[in-house]
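# Remarks on the overall topology
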Amino acid sequence: KAGVTQTPRYLIKTRGQQVTLSCSPISGHRSVSWYQQTPGQGLQFLFEYFSETQRNKGNFPGRFSGRQFSNSRSEMNVSTLELGDSALYLCASSADRAEKLFFGSGTQLSVL
Amino acid sequence: GESVGLHLPTLSVQEGDNSIINCAYSNSASDYFIWYKQESGKGPQFIIDIRSNMDKRQGQRVTVLLNKTVKHLSLQIAATQPGDSAVYFCAEITSGNTPLVFGKGTRLSVIA
């Protein structure tokens, strides 16, 4: 069974640009969660989608958004990038309730 | 703020020794706990989980202990190997569809 796949693996952007990250969950998993990981803050919850609906949202500004498609694949978008958005963005999937999460390898975003 | 934290940021052990990684949580409503292992360049990998109606659970070379009285969680790794070197995170969920909350992690270094 294939694991969680995230693309791209690395991204370099400049301040003010926007970025879209993609996540394909494990086959059969309907819940997709996104986390931001930085050395100072650890893993911070961004949002969770289940059956194309946002079920939970973390404490991030509105520049961070996401969506989920009917095949459970998910994307997250960050608009008007800031230097502080540089981080590893992790996607995780689970079968139903977002508890036992299975993570992808992440997308490393660098904002210059 | 986060309700999950770790006592020690780093831990060094000799190969073959047992490792104990500790975690404190503050939310008495938490009912599910997970330990994750994150190696360099990878996403967190599920190790073992435990529900609040249990106080001990064993896996292959790993044991998780839960002490609800003092809100303490620990991960014990038997016969620690070089491949166990990684950052270990504890995570918790409170009841309902709340997101998984992660602690900041402990870096385990195995000395050969």
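Preceding this section is the structure that the text describes.
Residues numbered from 1 in each chain as written. Chains lettered and ligands numbered in written order. Predicted model: local features only at pLDDT ≥ 70, side-chain atom pairs only at ≥ 80, totals over all residues. Heavy atoms only, no water.

Looking only at helices and strands, chain B has zero helices and eleven strands in total. With the C-alpha coordinates aligned to their principal axes, the bounding extent of chain B is approximately 45 × 25 × 20 Å. The buried share of chain B, taken over its 112 residues, is 42%. Contacts spanning at least 24 positions in sequence make up 54% of the contacts within chain B whose residues lie at least 6 apart. Counting only carbon and sulfur atoms, one obtains 47% of the accessible surface of chain B, whose full area is about 5400 Å². Each charge class in chain B can be summarised by its mean position, and for the 10 positive and 9 negative side chains these summaries are 2 Å apart. (Helix = DSSP H or I, 4+ residues; strand = E, 2+ residues; numbered from the N terminus. Buried < 20%, exposed > 50% of the residue type's maximum accessible area, 1.4 Å probe, protein only. Contact = heavy atoms within 4.5 Å. Areas by Shrake-Rupley, 256 points an atom, 1.4 Å probe, with all protein chains shown as cover. Lys, Arg positive; Asp, Glu negative; His and termini not counted. Charge placed at Lys NZ, Arg CZ, Asp CG, Glu CD.)

Residue and element names in this part refer to chain A. One can find Tyr-89 in strand E9 (residues 87–94). Taking the C-alpha atoms as reference points, Tyr-89 and Phe-47, 42 residues apart in sequence, are found 12 Å from one another. Setting aside residues no more than four positions away along its own chain, Tyr-89 makes contact with Gln-6, Leu-21, Tyr-35, Gln-36, Leu-46, Phe-64, Met-76, Gly-106, Thr-107 and Leu-109. For Tyr-89, the side chain forms a polar contact with the main-chain oxygen of Asp-85, separated by 2.6 Å. (Polar contact = N/O pair within 3.5 Å; in protein donor to acceptor, adjacent residues only side chain to side chain.)

Here we come to the interface of chain B and chain A. Contact residues are listed per partner, giving 24 residues for chain B and 21 residues for chain A. Of the roughly 1700 Å² buried between chain B and chain A on both sides combined, carbon and sulfur atoms contribute 48%. Our enumeration of links across chain B and chain A arrives at four residue pairs in polar contact (both at pLDDT 80 or more). Those elements that place two or more of their residues in the side of chain B that touches chain A are strand E4 (30–38), strand E5 (45–51) and strand E9 (86–94) of chain B. For the side of chain B that touches chain A, the residue count by class is ten nonpolar, eight polar and six charged. (Buried area = accessible area lost by both parts, 1.4 Å probe. Nonpolar A, V, L, I, M, F, W, Y, C, P; charged D, E, K, R; others polar.)

Residues and elements named next belong to chain A. One open sheet holds the four strands; their spatial order is E1-E3-E8-E7, and the pairing between them is antiparallel. In this open sheet, the two edge strands, each paired with only one partner strand, are strand E1 (5–7) and strand E7 (64–68). Along the sheet, successive strands turn relative to each other by an average axial angle of 20°, direction set aside. Looking at chain direction, E1 and strand E3 (residues 19–24) are connected through three bridges and run antiparallel. Counted as the bridge partner of Thr-5 is Ser-24 from E3. (Pairing = 2+ DSSP bridges. Axes fitted to C-alpha atoms, helices over the stretch in contact; angles between N-to-C directions.)

Approximately 530 Å³ is the volume found for the largest pocket. In terms of lining, the largest pocket is formed by 26 residues, of which the most central are Gln37(A), Gln38(B), Val87(B), Phe89(B) and Arg107(B). Put simply, the parts of the chain that give the lining of the largest pocket at least two residues each are strand E4 (31–38) and E9 of chain A together with E9 and strand E11 (106–111) of chain B. Here the element with the most residues in the lining of the largest pocket is E9(B); it accounts for three residues. (1 Å grid on protein atoms, 1.4 Å probe; cavity = no way out; pocket = protein on both sides within 12 Å on 5 of 7 lines; lining within 4 Å. Points joined across faces, edges and corners; volume = space filled by probe spheres on them.)

Moving on, we get to the state of the cysteines. Under the counting rule described, the total for this entry stands at two disulfides over all chains. Paired by a disulfide, Cys23(A) and Cys91(A) hold their sulfur atoms 1.8 Å apart. Linking Cys23(A) and Cys91(A), the disulfide has an S-S dihedral of approximately -60° and is accordingly described as left-handed. Here the residue Cys23(A) occupies a position in strand E3, and Cys91(A) occupies one in strand E9, the gap between them amounting to 68 residues. An identical accessibility class is assigned to Cys23(A) and Cys91(A); each is buried. In this model, Cys23(B) is linked to Cys90(B) through a disulfide, with the two sulfur atoms separated by 1.9 Å. Its S-S torsion of approximately 60° makes the covalent link between Cys23(B) and Cys90(B) right-handed. Here Cys23(B) is found in strand E3 (residues 19–25), whereas its partner Cys90(B) is found in strand E9, with 67 residues between them in sequence. An identical accessibility class is assigned to Cys23(B) and Cys90(B); each is buried. (Disulfide = S-S within 2.5 Å.)

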